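# Observations on the model geometry
Okay, here's what each chain looks like letter by letter:
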Amino acid sequence: MFKLITFLICWFLTLETFAQSKMIAGTVKDTKNEVIPGAIVKLLRAADSTMVTGEITDDKGKFQFSKFSNGVYFLAITAIGQNPYKSVLLTIDDMHSQIILPVILLLPAQNINLNEVVVKAKRPLIEQDIDKTIVHVESMISAATSNTLEVLEKTPGIMLSVNGEISLNGRAGVLVLIDGRATYMSGQDLAAYLKSIPGGVLDRIELIDNPSAKYDAAGNAVINIRLKKNRAGGFTGSLSAGYSQGRYGRNNDALNLNYRYKKLNVFANLGYGFEKNYTDENWDRRFFDTANALTSSVKLENDQIYKNKGLYGNLGLDYSVSENTTYGFQVNFNGSRRDGRLDYYSDYFNANHALEAVGMGNTVGGEKRKNLATNFNFVHKFGKSGREISGDVNYLNYNTRGNQTLDNFLYQPSDSSTTANRFIYHIPSDINIYTLKVDYVQPFKNKARLEAGFKSSIVDNDNIVNYYNLTGTSESIDYGKSNHFKYHENLNAVYINSQKSWKRIGVQLGLRVENTQVVGNQLGNEEVAGNRFTKNYTRLFPSIFLHYKLDSLNKNALTFSLTRRISRPNYQLLNPFLFFRDKYSYTAGNSDLNPQYQYRFELKFTHKQFLRMGLSYNKFINTILNATDVRDSVFITRPQNIGGGFMLLLSNGISLSPAKWWNMNLEALLSRIGVDGFVDGKKLDLNTYMARINLYNQLTINKKWSAELGGYYASRDLAGQGFTKGMFRAFVSIKKRIWKDKGTVRLSMEDIFHSWVYHNHSEGLKQADYFQRSQTDTQRVGLAMTYRFGKETFARKRRHSNNASDEEKGRVE
């Protein structure tokens, strides 16, 4: 390990001596010779006026560009209360590699009231950055009537399974971050958490297909959800209120506040959401003997209705102790209550399709969640050298208290007998998470850069499920069906990332080393023996990125990357407890589950912001799959390592403007996916072709009116031990600006044809098969209002924003 790091550093220091550095720098002042902080400075190509990069002047009015190639450029500078400025042509070549400009004076604009200044530039929905795709949530008209999970579902490339599992570009096991910090949730817990966050507090969503060594190695891809944080000076804020109606109503309201004065910035995001929803689910299950002859069948109907209401709060401050040092503190609170009822009906038939039993039952339950997260962060810059160190300390607590009362009845027509049983679950759960992270950046001359850092995290989970039989109002605990599971995980990681750019070639090499220590303990009781397991493993996660500019203007570029990722099973997947859903369905974890690994090879081509194409091959080892074990007409679903898997993916994205009033984004994914292994001793070899197409149109009707319309199509896909049929959805929204462009009214309709319905069928079950249909309240009409308020002065530049490794882009468009 030491030799490898030493080699990378030596390689890095050698390369940085072979090229000449490029620089354009200057200072911006007004006619009173006062510096202007917060001015937007853009570097544009003289040939076609395309923007190369942008900066925001610091508190001394200074700016500096250093990451560009030889060419002819000019500067465009704008600032509130000043006339726009355009420089003379600036030529950078091997003989003139650095330009230090004299002081740039901006002339005052006439008759401008800062209270009336409104930024009317419209961001595109999708923006392609070097290492990620950025989706600007504000450009989604329907976001104000949605929660965060619904916003993700409408984001190009993201899909939700019927169980709420999130996938990006066809790959499940995605790592979801909030402001650059892991949630340490997955599956239904993560879905419930994201539902409690209103879409009105979201700023943007960053989709990272191939994360570098700087990111956690967990997850097949990364989705980073950024909350709103206004960077303008003074007191500003926004308010949104949204209501949508399907079969049932729901609302999502949000308030965003920001106060920035000199060295202090205070911000807050507050939200409230209420949701009432339903799930209608139908199953046809058949069972066979070893000769594949039908022995019995079950028709099962599950009807679920639930209500969920939640409060969300995010409070924080940043304080600049000096020009080079800033400290930040943030606290996040999320509380929700969910109440619901599941009714099920079943008909059990023999081999001759004669009715033998009729079952019915219900589950009535409630759940309270309280989530608290605190963060302390800092960033220190070593003068103007570009060296920087930043850090984060986090504490998270997830507290859940749930209970479920279940009634089951079975009627047998042959002798008119009826049996009944009633029981209750009490389900308390506590999770405590501690993390520490430090990152260091060391720039070198000639477009070279070294990054290094470490991270340590501890996760402690205490999960109890107590099962009580009910006789009248009397409760008696059943120890054979009760469970107490404790889980401890300690992860320690170090990484090094080196970057080097030449005229047309860029190279990035990274290595991350992670050690994972896990202790799981299923505590025993009077009837159940205890079960304890430990896991301790260290893995290397290398990454290679090669970037080549096909022309001097960087309009066309190729990128090749190679990465290795890991998907660790969480405590839910490792807990072996058997949990009841209905008379014929149980779920359980698997304490023998091992991590899944992924190798990803990808070649990408980009043409400006217009065209994005990628071809990748993904190889999976120890593939984790929810496998179904059939026992006496009961389906028991638990995760298993089944063997290997693969995905060959062709991705295409186009962003264009067919007319001045029309912007269109088209994303198309074509893939061949498959899994190969064994489940319960039976060979499982599933593969299929998959297509996903997302069309998003933004229409500008006039200065006040705009609209969006589009649709999403998902073809046949793998789903556990089975396949999901193709389905599609369509949407339309319209927006009107009001109150001098400070407010908006938005009307939207989601899933216009109510066509987003899951149809699943099994493949490879042992002596059984099934067909399933499931739908929820996706067809909706929504109405929302938003309003921006406050007086903006100027913006200050702060590199640390919500995350120790985040770079502030400010208002640069």
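Owing to the predicted nature of the structure, the values given are computational and were not obtained by experimental measurement.

The rules behind each value
- Residues numbered from 1 in each chain as written.
- Predicted model: local features only at pLDDT ≥ 70, side-chain atom pairs only at ≥ 80, totals over all residues.
- Heavy atoms only, no water.
- Helix = DSSP H or I, 4+ residues; strand = E, 2+ residues; numbered from the N terminus.
- Rg over C-alpha atoms; globule rule 2.2 N^0.38 Å.
- Buried < 20%, exposed > 50% of the residue type's maximum accessible area, 1.4 Å probe, protein only.
- Contact = heavy atoms within 4.5 Å.
- Areas by Shrake-Rupley, 256 points an atom, 1.4 Å probe, with all protein chains shown as cover.
- Lys, Arg positive; Asp, Glu negative; His and termini not counted.
- Charge placed at Lys NZ, Arg CZ, Asp CG, Glu CD.
- Phe/Tyr/Trp six-rings, centres within 6.5 Å; stacked < 30°, edge-to-face > 60°.
- Core = buried A, V, L, I, M, F, W, Y, C linked by side-chain atoms within 4.5 Å.
- Pairing = 2+ DSSP bridges.
- Salt bridge = Lys/Arg side-chain N within 4 Å of Asp/Glu carboxyl O.
- pLDDT = per-residue confidence, 0-100.
- Axes fitted to C-alpha atoms, helices over the stretch in contact; angles between N-to-C directions.

Counting secondary structure elements, the protein chain contains four helices and 48 strands. A globule of 813 residues ought to have a C-alpha radius of gyration of about 28 Å, and the protein chain, at 28 Å, matches this closely. Taking the principal axes of the C-alpha coordinates as reference, the protein chain spans close to 100 × 65 × 45 Å. Looking at the protein chain as a whole, 52% of its 813 residues qualify as buried. Across the protein chain, contacts joining residues at least 24 apart in sequence account for 67% of those joining residues at least 6 apart. Surface summary for the protein chain: the accessible area is close to 35,900 Å², and the carbon and sulfur share equals 58%. Taken together, the 101 basic and 76 acidic charged side chains of the protein chain have centroids lying 8 Å from each other.

Take the packing of aromatic side chains next. Enumeration according to the criterion identifies 19 aromatic pairs in this entry. Judged by centre distance (6.0 Å) and plane angle (40°), the ring pair of Phe235 and Phe789 falls under tilted. One end of the pair, Phe235, is in strand E18 (residues 234-245); the other, Phe789, is in strand E48 (residues 780-790), with 554 residues separating them in the sequence. On the accessibility criterion, Phe235 (39% relative accessible area) is partly exposed. On the basis of relative accessible area, Phe789 is assigned to the partly exposed category, the value being 22%.

By size, the foremost hydrophobic cluster in this structure holds 47 residues, and its most contacted members are Ile166, Leu194 and Ile223. With four residues, the single largest contributor to this core is helix H3 (residues 187-195).

Across seven bridges, the pairing between strand E44 (residues 727-738) and strand E45 (residues 743-750) is antiparallel. Bridge pairing links Arg737 to Thr744 in E45. Hairpin remark: E44 followed by E45, antiparallel, with four residues in the connecting loop; positive phi at Trp739, about 55°. Bridge analysis of E45 against E48 gives eight bridges, and the strand direction is antiparallel. Paired with Met749 across the strands is Val781, a residue of E48.

A few words on the pattern of salt bridges. Under the defined criterion, the tally for this structure stands at 32 salt bridges. Residues Arg729 and Glu153 are paired through a salt bridge, measuring 4.0 Å at the closest nitrogen-oxygen approach. Taken together, the residues Arg729 in strand E44 and Glu153 in helix H2 (residues 148-153) connect sequence positions 576 residues apart. One salt-bridge network, in which partners are shared between bridges, spans Asp216, Lys455, Arg512, Glu514 and Arg568.

Relative to strand E29 (residues 505-523), strand E28 (residues 483-501) runs antiparallel, the two being bridged by 18 bridges. Note that in E29 the partner of Leu491 across the bridge is Thr516. Of the pairings in the sheet, the one linking E29 to strand E30 (residues 531-549) comprises 18 bridges and is antiparallel in character. Across the sheet, the residue bridging to Ile505 is Tyr548, located in E30.

Before going further, it helps to spend a moment on unusual backbone geometry. Negative phi is the rule for most residues except glycine; trans is the rule for most peptide bonds. You will see that Asp179, though not glycine, has its phi angle at about 55°, which is positive. Tracing the sequence through the fold places Asp179 in the loop between strand E14 (175-178) and strand E15 (181-182). Relative accessible area serves as the criterion here: at 2%, Asp179 is assigned to the buried category. With a phi close to 65°, His353 is a non-glycine residue in the positive phi region. Among the secondary structure elements, His353 is positioned in the loop between strand E22 (325-350) and strand E23 (355-381).

Moving on to the environment of Gly480. Among the structural elements, Gly480 can be located in the loop between strand E27 (474-477) and E28. With 24 residues separating them along the chain, Gly480 and Arg504 place their C-alpha atoms 67 Å apart. In contact with Gly480, not counting residues within four places along its chain, are Glu527 and Val528.

On to the confidence of the model for the protein chain. Looking at the protein chain, the pLDDT average stands at 85 and 91% of residues meet or exceed 70. Per-residue pLDDT stays below 50 along residues 111-121; that stretch engages in 12 contacts with residues further than four places along the chain or on separate chains.

Attention now goes to the sheet that holds strand E33 (residues 585-588). The four strands lie next to each other as E32-E33-E37-E36, forming an open sheet whose pairing is mixed. Since the sheet does not close on itself, it has two edges, and those belong to strand E32 (578-582) and strand E36 (624-631), each with one partner. Strand-to-strand twist of the sheet, defined as the mean angle between neighbouring strand axes without regard to direction, takes the value 25°. The pairing of E36 with strand E37 (residues 634-641) spans eight bridges and is antiparallel. By the bridge assignment for E37, Thr628 is matched with Thr637.

Quick look at the side chain of Arg780 now. The residue Arg780 is located in strand E48 in this model. Among residues more than four places away in sequence, those in contact with Arg780 are Ser244, Gln245, Gly246, Tyr248, Gly249, Arg250, Ser748, Met749 and Glu750.

For the rest of this paragraph, the subject is the sheet that holds strand E17 (residues 222-227). Across the sheet, which stays open at both edges, the six strands sit in the order E10-E11-E16-E17-E14-E15 with mixed pairing between neighbours. Only two strands of the sheet have a single neighbouring strand rather than two, namely strand E10 (126-128) and E15. Bridge analysis of E14 against E17 gives four bridges, and the strand direction is parallel. Directly across from Val176, in E17, lies its bridge partner Ile223.

Next up on the list: the environment of Tyr434. Checked against the element boundaries, Tyr434 lands in strand E25 (residues 417-444). Residue classification places Tyr434 among the partly exposed positions, given a relative accessible area of 38%. Put simply, Tyr434 and Asn694 are 260 residues apart on the chain and 39 Å apart in space, counted from C-alpha to C-alpha. In contact with Tyr434, not counting residues within four places along its chain, are Asn394, Tyr395, Ser456, Ser457, Ile458 and Asp460.

Next up on the list: the side chain of Arg729. Looking at Arg729, the relative accessible area reads 10%, which means it is buried. Among residues more than four places away in sequence, those in contact with Arg729 are Glu153, Lys154, Gly710, Gly711, Tyr712, Asp751, Ser755 and Trp756.

With respect to the helices, strands and loops of the structure, Phe545 is situated in strand E30. Taking the relative accessible area as the measure of exposure, Phe545 reaches 14% and is therefore buried. Sequence separation between Phe545 and Ser561 is 16 residues, and the spatial gap between their C-alpha atoms is 4.4 Å. Discounting chain neighbours no more than four positions away, the residues touching Phe545 are Asn210, Pro211, Ser212, Gly506, Val507, Gln508, Phe560, Ser561 and Thr563.

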